[in-house]
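Inside the fold
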Amino acid sequence: MTDNNHSHFQHLYFVLTGIPGLELKYYWMAFPLGAIYVIALFGNGVIISTIKSELSLHMPMYYFLCMLALADTGLALCTMPSMLGIFWFNYKSIAFDACLVQMYFIHTFSAIESGVLVAMAFDRVVAIWKPLRYGTILTNSVVCRTGAVILTRAICVVFPVPFLIKRLPFYHSNILSHSFCLHQDVMSLACASTRVNSLYGLIAVIFTKGSDSLSILLSYAFILQTVMAIASGEGQLKALNTCVSHICAVLIFYVPLIGVSVIHRFGKHLSPLTHALMANAYLLIPPVLNPIVYTMKIKEIRRKLIQIFVPAKVTAEG
């Protein structure tokens with residue numbers, strides 16, 4: 001009878017962990033953490049508003065950039081409440097259902113970002129391979145359908161994850177390893193077999209980030225082959241220069257992701273501090289660095305920032 005009751009028991013809440021060993025410095029860490037979220041939300045907001053208002057940016061590559069900025073904004077908003085709650089107010093509890101909701105949106109926006117990076121890679125393939133047919137291949141309807149497929153795939157693939165967690169019993173530890181809820185972290189606290197969760201998680205990762213990373217690699221292999229066929233060295237550099245920002249975005253997303261995956265798999269002997277820092281980097285670095293990379297590359301976004309921070313009179317005089 002006791003076992004039967006335990007099989008249906010779940011914690012009312014989980015306890016989130018900030019950065020182990022640095023609890024006494026949370027007060028000072030709260031300010032740079034707040035600045036990170038301001039930069040992420042403000043930077044991505046500027047990208048979205050600039051692409052919306054500038055007619056010269058109404059092109060497929062910038063529509064995909066807008067999707068990337070929306071995904072980064074969603075990723076930042078998912079983690080912000082729990083992160084700021086810990087570092088600003090030392091509030092570490094999160095309700096069981098709220099944890100599942102946060103988990104769902106974190107993994108969904110992460111899958112969306114991965115899909116958008118693939119779409120941006122395909123955009124670069126078309127721009128370099130068939131530049132004269134770029135506008136006829138990547139029409140507005142194609143871009144919209146691509147965005148719908150990316151969104152639908154992410155929603156559908158991640159949708160079962162919270163329900164697979166919900167069916168598990170939790171009656172031992174309720175202390176999570178991070179400042180937010182991730183599937184692997186919550187699953188590790190379950191008091192029953194998690195084989196189904198692990199198998200589905202593996203399938204989901206292969207179907208999204210695994211296939212996406214392979215698609216990006218194949219796209220750049222084709223891009224390099226096409227660029228090498230260009231006669232002039234200047235033409236080759238010009239073609240590759242159009243890919244620099246996207247390559248940076250891919251590295252910004254996948255390097256922390258690979259790092260987190262390797263540490264979860266092979267770094268169980270590492271300190272909790274290392275696990276926490278890598279998980280934070282995985283979710284905080286892309287929303288912060290992507291706007292910086294594209295602001296440096298796109299003059300319209302730089303001009304928008306100047307208009308925001310420099311008074312109109314000074315801008316006119318300049």
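Residues take numbers from 1 onward in each chain, read along the sequence in its written order. With pLDDT at 70 or above as the cut-off, local features in this predicted model cover only qualifying residues; side-chain atom pairs require 80 or more to be listed or tallied, and sums for whole chains, interfaces and linings still use all residues. Hydrogens and water are ignored here; the side-chain numbers use all heavy atoms of the structure.

For the record, the criterion: UniProt positions are given in the numbering used here, feature names are shortened, and annotations may be inferred rather than shown by experiment.
With an unreviewed UniProt entry as reference, the chain is termed Olfactory receptor 51H1, source organism Bison bison bison. In the Subcellular location (unreviewed entry) part of its UniProt record, the chain is described as follows: "Membrane".

**Some details on the overall build of the chain**
We apply this condition: Starting at the N terminus, helices and strands are each numbered in turn, a helix being any DSSP run of H or I of at least four residues and a strand any DSSP run of E of at least two. Only C-alpha atoms enter the radius of gyration, while the globule expectation follows 2.2 Å times N to the 0.38, with N the number of residues. Exposure categories follow from relative accessible area, calculated using a 1.4 Å probe and restricted to protein chains: below 20% of the type maximum is buried, above 50% is exposed, and the middle band is partly exposed. Only the protein chains shown count as covering a residue, and every accessible area follows the Shrake-Rupley method with a 1.4 Å probe. In this charge count, Lys and Arg are treated as positive and Asp and Glu as negative; neither His nor the chain ends contribute. Just so you know, the charge point we use is NZ for Lys, CZ for Arg, CG for Asp and CD for Glu.
In terms of helices and strands, the chain carries 14 helices and 2 strands. The C-alpha radius of gyration computed for the chain amounts to 22 Å, which stays within 12% of the reference 20 Å derived for 318 residues, consistent with globular compactness. With the C-alpha coordinates of the chain rotated into their principal frame, the extents come out at 75 × 45 × 35 Å. Taking all 318 residues of the chain together, 45% fall into the buried category. Just so you have it, the chain exposes about 16700 Å², and 72% of that area is on carbon and sulfur atoms. The positive charge centre, built from 21 side chains, and the negative charge centre, built from 12, are 5 Å apart in the chain.

**Concerning the UniProt feature "transmembrane region" (unreviewed entry) in the chain**
Cross-referencing UniProt, the feature "transmembrane region" (unreviewed entry) maps to residues 26-50, 62-89, 101-122, 142-165, 243-263 and 275-294 in the present numbering. Between the end C-alpha atoms of residues 62-89 there is a gap of 39 Å, over a span that is 100% helix and 0% strand. Measuring from the first to the last C-alpha atom of residues 101-122 gives 32 Å, for a span that is 100% helix and 0% strand.

**Some thoughts on the side chain of N280**
Formally: The criterion used for residue contact is that any of the two residues' heavy atoms lie within 4.5 Å.
Turning to its location among the elements, N280 is positioned in helix α12 (residues 272-297). Judged by its relative accessible area of 8%, N280 falls in the buried class. Once you skip the residues sitting within four places of it in the chain, N280 turns out to touch I19, M83, S179, F180 and I285.

**A short note on the packing of aromatic side chains**
Counted only if it meets this: Pairing of aromatic side chains requires ring centres within 6.5 Å, counting the rings of Phe and Tyr and the six-membered ring of Trp. Pairs whose planes differ by under 30 degrees are stacked, by over 60 edge-to-face, and all others tilted. Any Lys NZ or Arg CZ that is within 6 Å of a ring centre and within 35 degrees of that ring's normal is treated as a charge sitting over the ring.
A complete count under the given rule lists 9 aromatic pairs for this structure. Pairing W88 with F89 gives two aromatic rings, centres 6.3 Å apart and planes at 75°, and the pair type is edge-to-face. Exposure remark for W88: the relative accessible area of 45% places this residue in the partly exposed category. We classify F89 as exposed; its relative accessible area is 62%. Taken together, the ring pairs in this structure connect F14, F96 and F170 into an aromatic cluster. Note that K130 overlies the ring of W129, its terminal NZ or CZ placed 5.1 Å from the centroid.

**Quick word on the pattern of salt bridges**
Here is the rule we go by: Any carboxyl oxygen of Asp or Glu that lies within 4 Å of a side-chain nitrogen of Lys or Arg is treated as forming a salt bridge with it.
Summed over all chains, the structure comprises 4 salt bridges. Of the charged contacts, one joins K166 and D97 as a salt bridge, the two residues approaching to 2.7 Å between their closest N and O atoms. Of this pair, K166 sits in helix α7 (residues 160-166) while D97 sits in helix α4 (residues 96-129), placing them 69 residues apart in sequence. For D97, a relative accessible area of 45% puts it in the partly exposed group. Linking K299 and E300 is a salt bridge whose minimum nitrogen-to-oxygen distance equals 3.6 Å.

**Some details on a nonpolar patch on the surface**
Heads up, the rule is: Nonpolar side chains (Val, Leu, Ile, Met, Phe, Trp, Tyr) are joined into patches within 5 Å and like charges within 9 Å, using only residues with over 30% relative accessible area and no salt bridge.
A surface patch of nonpolar side chains, amounting to about 400 Å² of accessible area, comprises V38, F42, I308 and F309. With respect to the secondary-structure elements, V38 resides in helix α2 (residues 26-53).

**Focus: helix α11 (residues 244-266)**
The α-helix advances 3.6 residues per turn, and as a result positions three or four apart in sequence lie on the same side. Definition in use: One less than the number of residues in a helix, times 1.5 Å, gives the span that helix is expected to have.
With 23 residues, α11 should cover 33 Å at 1.5 Å per step; its first-to-last C-alpha distance of 32 Å lies within 8% of that length. Of all the residues in α11, the buried ones are S245, H246, A249, V250, I252, F253, Y254, P256, L257, G259, V260 and I263. Those residues of α11 that are buried are in contact with α3 (60-89), α4, α9 (195-228) and α12.

**Thoughts on the nonpolar core**
The criterion, for reference: Think of a nonpolar core as a cluster: buried Ala, Val, Leu, Ile, Met, Phe, Trp, Tyr and Cys residues, connected wherever their side-chain atoms sit within 4.5 Å.
The biggest cluster of nonpolar side chains holds 80 residues, and the ones touching the most others in it are F14, L65, L117, I165, F170, V186 and Y294. Among the elements that line this core, the one with the most residues is α4, at 15 residues.

**Considerations on the environment of P291**
Positionally, P291 belongs in helix α12. With 249 residues separating them in the primary sequence, P291 and F42 have C-alpha atoms 9.0 Å apart. With residues near it in sequence (within four places) discarded, P291 still touches G43, N44, I47 and P286.

**A few points about the state of the cysteines**
Stated precisely, the cut-off is as follows: For this text, the term disulfide refers to a pair of cysteine sulfurs within 2.5 Å.
In this structure the tally under the stated criterion is 1 disulfide. The disulfide that involves C99 links it to C181, with 2.0 Å between the sulfurs. The sign of the S-S torsion, about -125°, decides the handedness of the disulfide formed by C99 and C181: left-handed. Note that C99 is positioned in helix α4 and C181 in the loop between α7 and α8 (183-187), a separation of 82 residues in sequence. Relative accessible area serves as the criterion here: at 0%, C99 is assigned to the buried category. Note on C144: no disulfide assigned, nearest cysteine sulfur contributed by C66 at a separation of 11 Å. Between C243, a cysteine without a disulfide, and C248, which holds the nearest cysteine sulfur, the sulfur-to-sulfur distance is 11 Å.

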